[in-house]
Each structure stands twice: as structure tokens, then as C-alpha cells.
Amino acid sequence: GFTDKSETRRLAQQLALEADEIRRGVRKPVQQADTESLRPIKEHVSAYLAWGKMQGGHGGRPWDDYYQVTQRRSLEWFEEAIKLETLRDINLPAVEKALQEKSAKDGVTGKTLSNLAMTRKAFVNWCRTRKYLSGDPLEGLRKFDKSVAPDNFRRAFTVQELGGLLAATPDPRKLVYRVALVTGFRAAEIASLRVGDLDSKGRTIRLRAENTKDRRDAVSALPEDLTFALAKQVANRAAEQPIFAVIGVIQTIP
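The structure contained in this document is the topic of the report that follows. (Residues numbered from 1 in each chain as written. Predicted model: local features only at pLDDT ≥ 70, side-chain atom pairs only at ≥ 80, totals over all residues. Heavy atoms only, no water.)

Focus on the packing of helix H3 (residues 41-55) against helix H4 (residues 65-82)
Here is the rule we go by: To get an axis, a line is fitted to the C-alpha atoms, and for a helix only the part in contact is used. The angle between two axes follows their N-to-C directions and goes from 0 to 180 degrees. Secondary structure elements are defined from DSSP: runs of H or I of at least 4 residues count as helices, runs of E of at least 2 residues count as strands, and each element is numbered from the N terminus. Each angle gets one of four labels, with under 35 degrees taken as roughly parallel, over 145 as roughly antiparallel, 65 to 115 as roughly perpendicular, and the rest as oblique. Crossing handedness is read from the near helix: turned anticlockwise from the far helix by less than a right angle, it gives a left-handed crossing, and turned clockwise, a right-handed one. Every residue pair with non-hydrogen atoms within 4.5 Å of one another is taken to be in contact. When residues are grouped by polarity, Ala, Val, Leu, Ile, Met, Phe, Trp, Tyr, Cys and Pro land in nonpolar, Asp, Glu, Lys and Arg in charged, and all others, Gly among them, in polar.
Relative orientation of the contacting elements H3 and H4 amounts to 165°, with a least axis distance of 11 Å. Relative to H4, the element H3 is oriented roughly antiparallel. Judged by the twist between their axes, the crossing of H3 over H4 is right-handed. Taking contact as the criterion, the partners of Ile41, Lys42, Val45, Tyr48, Leu49, Gly52 and Lys53 in H3 are, on H4, Gln68, Gln71, Arg72, Leu75 and Glu79. Its residues assigned to classes, the contact of H3 with H4 shows five nonpolar, three polar and four charged.

Next up, the structure:
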């Protein structure tokens, strides 16, 4: 049923009426998708996110925290943009129109639009696998041209800009920036680093396979002064504790 008692009662009455009509031969037997597609879409989204957190990644691995957040935000955006209430409200023209309007309004890249589209497509496929949908309402949905450059051209920092940035940045954020600049690790990858991943003697830091995009261990060399700063940061901490305990610092890296 639903989280709302009155809605559950309404559904029960509807199903009882349909069952009586099926017994009398007036109506065809109800398929699972017919009832599931009428449930509030928020319930299906919650179940989908819970599945992803448990086993939605490659090889049955859980999604990392950053991917979990992006999936939730993307699905919530679609709910608001298309005014989705149930699975039956999902349709190709509405999804394409929402993406087109976002492109015109926000000037986002083809890659961003493709990511949004594929998030919705993945959710629909998950629903179909569980027989919540009898067909694919997004059949024909295509990716967008990722070669289109954004209006705000991106470039690398100059040495002078990097120096100014680090000079103006307080700890512990400065140490996070230095690790990002030296290793090239993404924000979510830096957030996943544990004390045991730091090799002070070998002056390296290891990114575990479960936290990398290609699911392979990545090892980065560190300069002596950064190694010393990190060793000081994690002194007296257990091996499985995060190097950067303040996750908010990671999430706000520009």
C-alpha cells in the first residue's frame, strides 16, 4: 500500500472492485505493473536509491556517496520538472521537453543532459526488471552531443593562480586542495581516502579499487612536504578512519 492510510484504503477498495469484475469475467486479470505504476513515484525512487546504496554498482558493489547524491538530485529534478506523481506519468515527450528547457535556461553541456537522461533511463529499466512497468516509456531516448562546449570556458589554473588560491585558503581545506592538485583525484575519491592508504615511508597514497571509476587501485606519489603534512594530519588515528574527517570540506570543492 502507501505510507498514507487513506490512500492505502482507497487502493484496497479499488483492487477489491477489480477482483470482483475479474471473477465475473468483466475485466481481464490485473498485471503487477497495473497496480505498481499507480503507487506514488517517491516510493519507487526511495526503493531504487536503497538498492543502489546496497548493490547498485559494478559487480554488485554499492554506489559511492557522491554517486548516490547525484542520482537522488537528478531524480528529484525530474519529479519537479515533469510534475511526476506515479510511474504512469513518465513519458518520452515530457522528458525530452524538460531536458530541452533546462538546456535553454541553464546553458548546460551535452554531457550534463546525457547524465540526466541516463539517470532517468536507468531508473525506468530498474522498474521494468521488477515488473513495475510493462513497457519502456522512454524507448527512443537518446544521448546528447557531449562535444558541445559550455558557455563558460574551462581551463587549468596558472602557477600564479594556484599560489594565490593556496595562500588564501585556510586549513584543513588547503590540505585537501594540495592533495587534489598533486594526485588528480576527484572530490569523492579524496573523501574515500583512509589513514591506511597513506604510505609515509614510500611517500605514496593509494586510492582503493572500489572508489575508482575503472575499479582498479590507483597509487599516486607525493612530495615530501605533503607527505609530512598528511602524516601529521592522521597521527594517532586508526587505519580505517578517513584522512579528511570533515566531509563538508570535500563536498564544497569548486
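Considerations on the side chain of Arg208
Mapped onto the elements of the fold, Arg208 is located in the loop between strand S2 (204-207) and strand S3 (218-221). In this structure Arg208 touches Arg194, Asp197, Asp217, Ala239 and Glu240, once residues within four positions along its chain are discounted.

Quick look at the packing of aromatic side chains
Describing an aromatic ring pair means giving the distance of the ring centres and the angle of the ring planes. Put simply, the rule is: Stacked, tilted and edge-to-face are the three classes assigned to paired rings of Phe, Tyr and Trp, where Trp is represented by its six-membered ring and a pair needs centres within 6.5 Å; plane angles under 30 degrees give stacked, over 60 edge-to-face, the rest tilted. Exposure categories follow from relative accessible area, calculated using a 1.4 Å probe and restricted to protein chains: below 20% of the type maximum is buried, above 50% is exposed, and the middle band is partly exposed. For a Lys NZ or an Arg CZ to count as sitting over a ring, it must be within 6 Å of the ring centre and within 35 degrees of the ring normal.
Applying the stated criterion across every chain, the model contains ten aromatic pairs. Summarising the aromatic geometry, the rings of Trp63 and Tyr67 are spaced 5.1 Å apart at their centres and angled 80° between planes, so their arrangement reads as edge-to-face. Take Tyr67: its relative accessible area is 37%, and that puts it in the partly exposed class. With centroids separated by 5.8 Å and ring planes inclined at 70°, the aromatic side chains of Trp126 and Tyr132 adopt a geometry described as edge-to-face. Across this residue pair, the class does not change: Trp126 and Tyr132 are buried. When the ring centre of Trp51 is taken as origin, the NZ or CZ atom of Arg130, which lies over that ring, is 5.4 Å away.

A short note on the sheet that holds S3
Applied cut-off: Two strands pair if DSSP finds at least two bridges between them.
On the basis of which strands lie adjacent, the open sheet formed by three strands has the order S1-S2-S3 and antiparallel pairing. Among the strands making up the open sheet, the edge pair consists of strand S1 (198-199) and S3. Sheet topology note: the S1/S2 ladder contains two bridges and is antiparallel. Bridge pairing in S2 places Asp199 opposite Thr204.

As for H3
The line we're drawing: An expected span of 1.5 Å times one less than the residue number is assigned to each helix.
An ideal rise of 1.5 Å per residue puts 21 Å on 15 residues; H3 measures up with 21 Å between its terminal C-alpha atoms. Listed as buried for H3 are Ile41, Glu43, His44, Val45, Tyr48, Leu49 and Gly52.

Focus on the nonpolar core
Note the following rule: In these notes, a set of buried Ala, Val, Leu, Ile, Met, Phe, Trp, Tyr and Cys residues joined through side-chain atoms within 4.5 Å is what counts as a nonpolar core.
With 26 residues, the main nonpolar core has Leu87, Ile90 and Phe123 as its most contacted residues. The greatest single-element share of this core, amounting to seven residues, is contributed by helix H6 (residues 110-129). Sequence-distant contacts of Leu87, defined by excluding residues within four places in its chain, comprise Glu36, Ser37, Arg39, Ile41, His44, Phe123, Cys127, Tyr132 and Leu133. Leu175, Phe185, Leu226 and Val234 belong to the second largest nonpolar core, which has 16 residues in total.

Focus on the environment of Arg72
Following the sequence through the fold, Arg72 ends up in helix H4. Looking at Arg72, the relative accessible area reads 32%, which means it is partly exposed.

A look at unusual backbone geometry
Negative phi values dominate among residues other than glycine, just as trans dominates among peptide bonds. Despite not being glycine, Lys83 shows a phi value in the positive range, around 60°. Along the chain, the position of Lys83 falls in the loop between H4 and helix H5 (92-106). Since its relative accessible area comes to 55%, Lys83 is described here as exposed. With a phi close to 65°, Lys131 is a non-glycine residue in the positive phi region. Along the chain, the position of Lys131 falls in the loop between H6 and helix H7 (159-168). Accessibility expressed as a relative area gives 54% for Lys131, which makes it exposed.

Side note on the pattern of salt bridges
The cut-off we apply is this: One side-chain nitrogen of Lys or Arg within 4 Å of one carboxyl oxygen of Asp or Glu is enough to make a salt bridge.
Evaluated as defined, the whole model comprises 17 salt bridges. Residues Asp217 and Arg206 are paired through a salt bridge, measuring 3.6 Å at the closest nitrogen-oxygen approach. You can see Asp217 sitting in the loop between S2 and S3 and its partner Arg206 sitting in strand S2, a full eleven residues away along the chain. Classification of Asp217 as partly exposed rests on a relative accessible area of 47%. Look at the salt bridges and you will find they share partners, linking Asp197, Arg206, Arg208, Asp217 and Glu240 into a network.

Details of the environment of Glu139
In this fold, Glu139 is placed in the loop between H6 and H7. According to the relative accessible area criterion, Glu139 is exposed, its value standing at 62%. The sequence separation of Glu139 and Lys121 amounts to 18 residues, and the corresponding C-alpha distance is 8.9 Å. Among residues more than four places away in sequence, those in contact with Glu139 are Leu92 and Lys121.

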